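# Commentary on secondary and tertiary structure
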Amino acid sequence: PRSDFPEECALKYGWGKRNFNFLFWKRLERYILKKASYVVAIGEEFENHLKIAQPNANTVVIYNNVDTIKFKRDEFSRKLLRQKFNVQDCVVFGYLGSLQNGSWNDPELYVKFAECCVKYLKDKFFILFLTPVYCRDALNMALKTANISDTLYRIESPEYEDVSNYLSACDIGLYFLPFNSPRVGTKFVEYCAIGLPALVNNFAKGARRIIKQNNLGWVIDDKFFKLGPIIEKEIGRASCRE
């Protein structure tokens with residue numbers, strides 16, 4: 001399993017703990033964990049999550065993966081895109097992945113982050129959203145409703161082979177979840193492949209653990225967004241990173 005699927009559906013469809021669908025998927029999950037020869041867990045936090053469902057599950061930890069030969073930082077693309085977007089002197093945050101209202105990847109979380117950046121960084125930041133075409137309308141609507149100037153962000157839907165070039169233009173990768181989850185998002189692994197430090201919230205438990213163990217970024221409070229001086233003191237330094 002790549003994600004905590006029963007819990008993900010519970011959020012998406014509004015299932016309660018006694019919902020038949022939720023109980024069915026949790027029972028199926030326990031059965032698979034009990035009967036499978038091996039169960040791959042994509043991180044230690046995910047392994048702990050699976051062990052709660054079935055303590056005797058025979059788990060092995062293998063992280064989400066990315067082809068680091070094809071997916072790597074490109075300095076030429078970085079300079080070219082930062083010039084194109086006119087963000088040479090800005091902290092450029094990047095987000096990679098889908099965004100849908102009421103999902104694990106909710107655009108409202110990133111809009112609230114943008115509002116916080118407006119407060120602390122003024123016009124010295126830029127957010128580059130890399131998201132599928134079908135997600136663009138919901139994200140645009142959320143940003144416009146919050147009165148985030150379109151000079152402070154850009155929404156792109158590149159082909160996968162071009163994603164690493166776009167991420168190369170960024171200084172920090174973003175990964176926020178609305179509820180506690182043990183998953184290690186593929187986006188987080190791809191940020192690591194590019195060499196981007198990540199900014200995650202406490203709910204992203206899988207990524208949070210790896211960040212703290214390896215000093216790969218920052219973990220912030222879940223109450224969006226009590227960043228205070230973190231942005232100016234720590235994240236603000238990213239504008240000097242090349």
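Residues numbered from 1 in each chain as written. Predicted model: local features only at pLDDT ≥ 70, side-chain atom pairs only at ≥ 80, totals over all residues. Heavy atoms only, no water.

## Quick look at the overall build of the chain
- From N to C terminus, the chain includes 10 helices and 8 strands.
- For the chain, the C-alpha radius of gyration of 19 Å lies close to 18 Å, the compact-globule estimate for 242 residues.
- Overall, the chain is about 55 × 40 × 35 Å in size when its C-alpha atoms are taken along their principal axes.
- Per-residue burial over the chain gives 48% buried out of 242 residues. (Helix = DSSP H or I, 4+ residues; strand = E, 2+ residues; numbered from the N terminus. Rg over C-alpha atoms; globule rule 2.2 N^0.38 Å. Buried < 20%, exposed > 50% of the residue type's maximum accessible area, 1.4 Å probe, protein only.)

## Regarding the sheet that holds strand β5 (residues 153-156)
- The 6 strands are arranged β5-β4-β3-β6-β7-β8 in an open sheet whose pairing can be described as parallel. If you trace the sheet from one side to the other, it starts and ends with β5 and β8 (217-220), each paired once. Taking each pair of neighbouring strands and ignoring which way they run, the sheet shows an average axis angle of 20°.
- In terms of strand pairing, strand β3 (residues 91-96) meets strand β6 (residues 172-175) through 2 bridges, oriented parallel. Note that in β6 the partner of F93 across the bridge is I172. (Pairing = 2+ DSSP bridges. Axes fitted to C-alpha atoms, helices over the stretch in contact; angles between N-to-C directions.)

## Let's talk about helix α7 (residues 160-168)
- For α7, the set of buried residues is V163, S164, Y166, L167 and S168.
- Those residues of α7 hidden inside the fold are in contact with α4 (75-84), β3, β4 (125-130), β5 and α8 (186-194). (Contact = heavy atoms within 4.5 Å.)

## Let's talk about the environment of E115
- Turning to its location among the elements, E115 is positioned in helix α5 (residues 107-121).
- When its relative accessible area of 37% is taken as the criterion, E115 is described as partly exposed.
- A sequence separation of 74 residues divides E115 from A41, and the C-alpha atoms of the two residues are 35 Å apart.
- Once residues within four sequence positions are removed from consideration, E115 is found in contact with A146 and I148.

## Some thoughts on a nonpolar patch on the surface
- Residues F5, F20, F24, W25, L28, Y31 and I32 make up a contiguous nonpolar surface patch of roughly 720 Å² in combined accessible area.
- Counting residues per element, the nonpolar patch draws most heavily on helix α2 (residues 20-35), at 6 residues.
- Among the secondary structure elements, L28 is positioned in helix α2.
- For L28, a relative accessible area of 30% gives the class partly exposed. (Patch = residues over 30% accessible without salt bridge, like charges linked within 9 Å, V, L, I, M, F, W, Y side chains within 5 Å. Areas by Shrake-Rupley, 256 points an atom, 1.4 Å probe, with all protein chains shown as cover. Salt bridge = Lys/Arg side-chain N within 4 Å of Asp/Glu carboxyl O.)

## Some thoughts on α5
- For α5, spanning 15 residues, the distance from its first C-alpha to its last is 20 Å, which sits close to the expected 21 Å at 1.5 Å a residue.
- Of the residues making up α5, those classed as buried are P107, L109, Y110, V111, F113, A114, C116, C117 and L121.
- Its side-chain oxygen 2.9 Å from the backbone nitrogen of E108, D106 forms the N-cap of α5. (Expected span 1.5 Å × (residues − 1). Polar contact = N/O pair within 3.5 Å; in protein donor to acceptor, adjacent residues only side chain to side chain.)

Read these as geometric descriptors, not functional statements.
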